[in-house]
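Examining the three-dimensional arrangement
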Amino acid sequence: METSLIPRLELVGITKRFPGVLANDNVGFSVKPGEIHALLGENGAGKSTLVKMIYGIMQPDAGEIRWNGQRVVVHNPKAARKLGVGMVFQHFSLFEAMTVLENIALGLDSKVPARDLEARVREVLKQYGLQLDPHRTVSTLSVGERQRIEIVRALLLNPSLLIMDEPTSVLTPQEVDQLFVVLRQLAREGCSILYISHKLHEIKALCDTATILRGGKVVATCDPKVETSRSMAEKMIGAGLKDVKKAPGRSFGGDKFVVEGLTVPRTEAFGTGLDSISFTVRAGEIFGIAGVAGNGQSELLLALDGEVQVQPEAIRIEGKAAGELSPNARRRLGLCAVPEERNGHAAIGDFTLADNSVLTARNRLGMVTGGLIRAGAAKTYTGKVIADFAVKALGPGSTAGSLSGGNLQKFIMGREILQKPSVLVVSQPTWGVDAGAAAAIHQSIVELAQTGTAVVIISQDLDELLALCDTLAVINGGRLSAPMRVGEVSIEEIGLLMGGIHGTAAETHIVPGERDAVPA
Amino acid sequence: MTLDLIIPIIITLVGASTPILLAGLGELVAEKSGVLNLGVEGMMLIGAVITVAVVLLTGNHWLAIVCAAGASAAAALIFGFLTLSLSANQVATGLALTIFGTGFSALFGQPYTGKAVPLFRSPFPPELAADPVWRVVFGYSPLVYFSLIMVVAVWWFLQRTRAGLILRAVGENDLSAHSIGYSVIGVRYLAVAFGGAMAGIAGSCFPLILTPQWVERLTTGRGWIALALVVFAAWRPFRLLAGAYLFGLVMTLEVYAKAAGGGFRVLPSELWAALPYLATILVLVLISMRRGGSSSAPACLGKPFLPTG
């Protein structure tokens, strides 16, 4: 087809305003047939809003969308799919209690008899070499498999534009490679791909063109193959990138935090049990726990911070058995924790920042006497957190819910770090946080460790762990691998552990990208 | 026990079970779509009083049942408007609906209090319906056969039709259903209206099968039993059928305990009367204890849907 001169998708002057924010400001770019086009930007740069308008979930306030040269109005997702736009969401729109096939059927606009549908699904799976059992219940599938459902759902409609919203944030490195194979095959067949991400090395490896958004505006369109990751990152942030400064040749003190044989039976239907987890963190050491979501990370955090009590000897804080202590008692011993979910777990959205400080800092910093809150002390401390961690908030009286994700995370990290804990457990410290705030949070973790605190970071972001940690272990199916020194371990090895293959990469002879590398 | 004793017990049991089965089926569908409507008792009372009024005015049972279904569905739609369109709290609004239904039925039913209502009898010829043995199959009110058909219909709808799949999807993950492009609020309105209509028909059972007259609070808390039954049945229509008949058995034993004595005398009749309610509490406690293992409740049950972004 000689239509390659007409862009498949062209956006002209797209503007979208929300109360108080200009989410998209006169955005324009075009995607050619068969092109893999990256949409790059920090959280809050307006990427999601933009694709939601292309997919018809929202309507632009101004500007137009042109499809194969024709102006179109996309009223709803159904209209978008009719045009040939498929979308794979970052947060999967899947139904846990239903089967793969039922989930796919729900995503189709036309009625297809169950048997025909199964045949078509199997055909698509075979065509793209994807592994998936149509009759499994979604709740039993790994995140990578769940993503495959979304992809199959989109591919069944023979899309000519596929939108992928942050598709790799939850995948193992091997799963990412498999995904790229599929995307390249699709592009070769003429399907355009709009690939949204903030992971620069992936964009360099996969995309033909990149449009960079910042603050709702297009700041650059470039060829990622000729740009460096650094130059794209700086365009994305709009300022020079700060590296995490880590003092070389650090030495560690004695054992501060010892976990031994920590076992927690599975309690929730779709949860994971913990199976004799053991690790030791020394003073000044940053210990990372990598793994794909849903492999026991949430359960581990609950057991470590005291929300779930375990055998007394399973957890020792500075030598004292703490396994059966409550979160408060553990805080008195010096263990502070930052859970993954900011709003509702780490902080209460409707409370003021000062009240949120009282919630976790009251004992260590004497904010309560005789059952009465010392409002002054809480306010002073909160003010210090806001100032030291550059939290953008009106003051200690602002509600936690009024802060942006990154600012709230900075506040929560600051609230725990300024308590000078001897052990800090953090889950997903920079999840959904913009790059500037992430760098600040990373720096504060490194500085805390330098004062002799033992730090545990549970994260799905491998880059983050490799940049910060001294030691790394991988959690899979509720079991923790042996600790590895960062710098002595390869990404492939970690990736295989994340996918559930124990042992070393050398023994298993699996080439990254080979399809069956990650078992179902 | 002889056949003479067993057959009347079965007939009483089936009659007692039918209203909770019908109301339970309606609530099951509403809950599958993610809406917890605690107004079942109120909607049943509305259905019951409308039935009495229409039967006494027109003498037409079918018309009475349709009117009862319509009136209760209308009440359910008020609940739907408050909880779905205005995102009011479902528990509080449901309780308010029960209080409203109780008050409305008491007021509206005053002129009809104590007047005899003709029973809605078996549609089969008397040779079958009144046969001492065969009446165990043919001797029931059409409402009973309707309730049994509805068990199969609801199961088939939820498991075998695309509309049922969408309804389950809405109750399982409203945000996903919305992002795929289904109207979450629309589906829930329909499910709530169906739940209301079924509760209304359940209400019809009281004057037409069980106690042929209107008295205040005629349904005596059976709406709550229907609610508990849905949880007991783990949102499955056939288990709901089994559960309803089990509760029906307990309620029937109460009746026989009052009348017969003998072996039933072991327990005072008040305790027999309390049994269904005690069983309800017991079942709910047992289920919530088990909840940790595997919960089959629709994931979005009781949560208001607020589309974001």
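Please read all numbers here as calculations on a predicted model, not as lab measurements.

This paragraph deals with the overall build of chain A. From N to C terminus, chain A includes 17 helices and 23 strands. Taken over the C-alpha trace, chain A has a radius of gyration of 24 Å; the compact-globule value for 520 residues is 24 Å, and the two agree within 12%. Its C-alpha atoms give chain A principal-axis dimensions of about 75 × 50 × 45 Å. Buried positions account for 53% of the 520 residues belonging to chain A. Accessible surface for chain A amounts to roughly 21,600 Å². Of this, 52% is attributable to carbon and sulfur atoms. When the 54 positive and 56 negative side-chain charges of chain A are each reduced to one mean point, those points stand 5 Å apart.

On to a nonpolar patch on the surface, then. A cluster of nonpolar side chains, namely Val266, Leu267, Leu271, Leu278, Ile281 and Val285 of chain B, defines an oily patch on the protein surface of about 520 Å² accessible area. Note that isoleucine 281 of chain B resides in helix 13 (residues 269–290).

Turning to helix 4 (residues 114–127) of chain A, a few remarks are in order. Residues and elements named next belong to chain A. The first and last C-alpha atoms of helix 4 sit 20 Å apart over 14 residues, in line with the 20 Å expected at 1.5 Å per residue. The complete set of buried residues in helix 4 reads Leu117, Glu118, Val121, Val124 and Leu125. The buried residues of helix 4 occupy an angular sector of 125° when the element is viewed end-on, so they sit on one face. More than 90 degrees from the buried face of helix 4, the exposed residues found are Arg115, Glu123 and Lys126. Here the buried face of helix 4 lies against helix 3 (100–106) and helix 5 (143–155). Looking at the residues trailing helix 4, positive phi occurs at glycine 129, about 60°.

A few words on the packing of helix 2 (residues 40–58) of chain B against helix 4 (residues 90–109) of chain B. All names here are of chain B. Put simply, helix 2 and helix 4 touch, their axes get as near as 6 Å, and they point 20° apart. Between helix 2 and helix 4, the angle is such that the two are roughly parallel. Here helix 2 runs over helix 4; the crossing is left-handed. Each of Val40, Glu41, Gly42, Met43, Leu45, Ile46, Val49, Ile50 and Ala53 in helix 2 lies in contact with helix 4, whose residues at this interface are Leu97, Thr98, Phe100, Gly101, Thr102, Phe104, Ser105, Phe108 and Gly109. Across the contact of helix 2 with helix 4, the residue classes break down as eleven nonpolar, six polar and one charged.

Right, let's get into the sheet that holds strand 11 (residues 255–264) of chain A. With respect to topology, four strands assemble into an open sheet ordered 12-11-14-15 (chain A), the strand pairing being antiparallel. Both outer strands of the open sheet, strand 12 (274–282) and strand 15 (320–321) of chain A, are each paired with one neighbouring strand and no more.

Below, the discussion takes up the sheet that holds strand 2 (residues 21–31) of chain A. All names here are of chain A. One open sheet accounts for four strands, arranged 2-1-4-5; its pairing is antiparallel. With one partner strand each, in any of the chains shown, strand 2 and strand 5 (70–72) form the two edges of the open sheet. Direction aside, neighbouring strands of the sheet carry axes that sit 30° apart on average. In this fold helix 1 (residues 47–54) packs onto strand 1 (9–18), strand 2 and strand 4 (62–67), with an angle of close to 120° to the strand it touches most, strand 1.

Quick look at helix 14 (residues 435–450) of chain A now. Residue and element names in this part refer to chain A. Counted at 1.5 Å a residue, the expected span for helix 14 with its 16 residues is 22 Å, and the 23 Å between its end C-alpha atoms agrees. Listing the buried residues of helix 14 in full gives Ala437, Ala438, Ile441, His442, Gln443, Ser444, Ile445, Val446, Leu448 and Ala449. If you follow the buried residues of helix 14, they end up packed against strand 13 (286–290), helix 13 (405–417), strand 19 (423–427), strand 20 (454–458) and helix 15 (462–468). Residue glycine 452 follows helix 14 closely and has a positive phi angle near 105°.

Turning next to the side chain of threonine 219 of chain B. All names here are of chain B. Tracing the backbone shows threonine 219 in the loop between helix 10 (184–210) and helix 11 (222–232). Threonine 219 gets classed as buried once you look at its relative accessible area, which sits at 0%. Non-local contacts of threonine 219, meaning those with residues more than four positions away in its chain, are made with Glu41, Met44, Leu45 and Phe206.

With 26 residues of chain A in contact, the opposing surface of chain B contributes 18 residues. Each partner contributes to the roughly 1,600 Å² buried at the junction of chain A and chain B, and carbon and sulfur atoms together form 61% of this total. On the chain A side of the contact with chain B, Phe95, Met98 and Leu106 of chain A bury the most area, a combined 33% of that side's loss. Across the contact surface, chain A and chain B share one salt bridge. For the interface between chain A and chain B, the tally reads six residue pairs in polar contact (both at pLDDT 80 or more). Mapped by element, the contributors of at least two residues to the side of chain A that touches chain B are helix 2 (77–83) and helix 3 of chain A. By residue number, the principal contributor to the side of chain A that touches chain B is helix 3 of chain A, which donates three residues. Residue composition of the side of chain A that touches chain B, by class: 14 nonpolar, four polar and eight charged.

Before going further, it helps to spend a moment on the packing of helix 7 (residues 142–160) of chain B against helix 8 (residues 162–172) of chain B. Residues and elements named next belong to chain B. One way to put it is that helix 7 packs onto helix 8 with a least axis distance of 5 Å and a crossing angle of 75°. With respect to helix 8, the axis of helix 7 lies roughly perpendicular. Counting all contacts with helix 7, which are made through Phe157, Leu158, Gln159 and Arg160, the residues of helix 8 involved are Arg162, Ala163, Gly164, Leu165, Leu167 and Arg168. Among the residues making up the contact of helix 7 with helix 8, the classes are represented as five nonpolar, two polar and three charged.

For the rest of this paragraph, the subject is the packing of aromatic side chains. Throughout the structure, instances matching the rule amount to 14 aromatic pairs over all chains. Note on phenylalanine 279 of chain A and phenylalanine 287 of chain A: the rings are 4.8 Å apart at their centroids and 10° apart in plane angle, and the pair reads as stacked. Across the pair, exposure class does not vary: phenylalanine 279 of chain A and phenylalanine 287 of chain A are buried alike. Judged by centre distance (6.1 Å) and plane angle (45°), the ring pair of tryptophan 134 of chain B and phenylalanine 138 of chain B falls under tilted. Residue classification places tryptophan 134 of chain B among the partly exposed residues on the basis of a relative accessible area of 48%. The rings of Phe124, Trp134, Phe138, Tyr140 and Tyr145 of chain B are connected pair by pair, giving a single aromatic cluster.

Moving on, we get to the confidence of the model for chain A. Mean pLDDT over chain A works out to 85, with 92% of the residues at or above the 70 mark. The low-confidence segment residues 502–520 of chain A, where pLDDT is below 50, has 33 contacts with residues more than four positions distant or belonging to other chains.

A few words on the side chain of glutamate 150 of chain A. Residue and element names in this part refer to chain A. Mapping glutamate 150 onto the fold places it in helix 5. Residue classification places glutamate 150 among the buried residues on the basis of a relative accessible area of 2%. Residue contacts for glutamate 150: discarding those within four places in its chain leaves Met87, Val88, Phe89, Phe92, Ser93 and Leu94.

To continue, consider the domain arrangement of chain A. Its domain assignment divides chain A into domain 1 (9–237) and domain 2 (255–342 + 422–517). One C-alpha centre belongs to domain 1 of chain A, the other to domain 2 of chain A; they are set 31 Å apart.

All right, on to the environment of glycine 243 of chain B then. Along the chain, glycine 243 of chain B falls in helix 12 (residues 237–260). Judged by its relative accessible area of 1%, glycine 243 of chain B is buried.

About the cut-offs
- Residue indices begin from 1 for each chain and proceed along its sequence in written order.
- Chain letters start at A and ligand numbers start at 1, both assigned in the order the entries are written.
- Given that the model is predicted, a residue must reach a pLDDT of at least 70 before its local features are reported, and side-chain atom pairs must reach 80 or more before they are shown or counted; all residues, however, enter totals for whole chains, interfaces and linings.
- Excluded from the side-chain calculations are hydrogens and water; all other atoms, namely the structure's heavy atoms, are used.
- Helix numbering and strand numbering both begin at the N terminus, where a helix is a DSSP run of H or I of at least 4 residues and a strand a DSSP run of E of at least 2.
- Based on C-alpha atoms, the radius of gyration is set beside the globule rule, defined as 2.2 Å times the residue count to the power 0.38.
- Partly exposed residues are those whose accessible area sits between 20% and 50% of the maximum for their type, while under 20% is buried and over 50% is exposed, using a 1.4 Å probe and protein chains only.
- For accessible areas, the Shrake-Rupley method is used with a probe of radius 1.4 Å. Any residue's cover is judged against the shown protein chains and nothing else.
- In this tally Asp and Glu are treated as negative and Lys and Arg as positive; neither His nor the chain ends contributes.
- The atom standing in for a charge is NZ when the residue is Lys, CZ when it is Arg, CG when it is Asp and CD when it is Glu.
- Patch membership requires more than 30% relative accessible area and the absence of a salt bridge. Residues of like charge join within 9 Å; the nonpolar side chains Val, Leu, Ile, Met, Phe, Trp and Tyr join within 5 Å.
- By definition here, a salt bridge exists when the distance from a side-chain nitrogen of Lys or Arg to a carboxyl oxygen of Asp or Glu is within 4 Å.
- A helix's residues, less one, multiplied by 1.5 Å, set its expected span.
- Read the arc as the range of directions from the helix axis to the C-beta atoms.
- Working rule for contacts: check all heavy atoms of both residues, and any pair within 4.5 Å makes them a contact.
- An axis is simply a line fitted to the C-alpha atoms; with a helix, the fit covers only the stretch in contact. Between two such axes, the angle follows the N-to-C directions and lies from 0 to 180 degrees.
- Under this scheme an angle from 65 to 115 degrees is roughly perpendicular, one under 35 degrees roughly parallel, and one over 145 degrees roughly antiparallel; angles in between are oblique.
- Take the far helix as your reference; a near helix turned counterclockwise from it by less than a right angle gives a left-handed crossing, and one turned clockwise gives a right-handed crossing.
- In the scheme used here, Gly and all other residues not listed as nonpolar or charged are polar, with Ala, Val, Leu, Ile, Met, Phe, Trp, Tyr, Cys and Pro taken as nonpolar and Asp, Glu, Lys and Arg as charged.
- Any two strands between which DSSP finds at least two bridges are classified as paired.
- We define buried area as the total accessible area lost by two parts upon association, computed with a 1.4 Å probe and summed across both.
- As used in this structure description, the phrase polar contact means that two N or O atoms lie within 3.5 Å; if the pair is within protein, one of them must be able to donate a hydrogen and the other to accept it, and residues adjacent in sequence are counted only when both atoms belong to side chains.
- To pair, rings of Phe, Tyr and Trp, with the six-membered ring standing in for Trp, must have centres within 6.5 Å; the planes then decide the type, stacked if under 30 degrees apart, edge-to-face if over 60, and tilted in the middle.
- Values of pLDDT, the confidence the predictor places in each residue, fall between 0 and 100.
- For the domain bounds, the source is a domain assignment made automatically or taken from a database.

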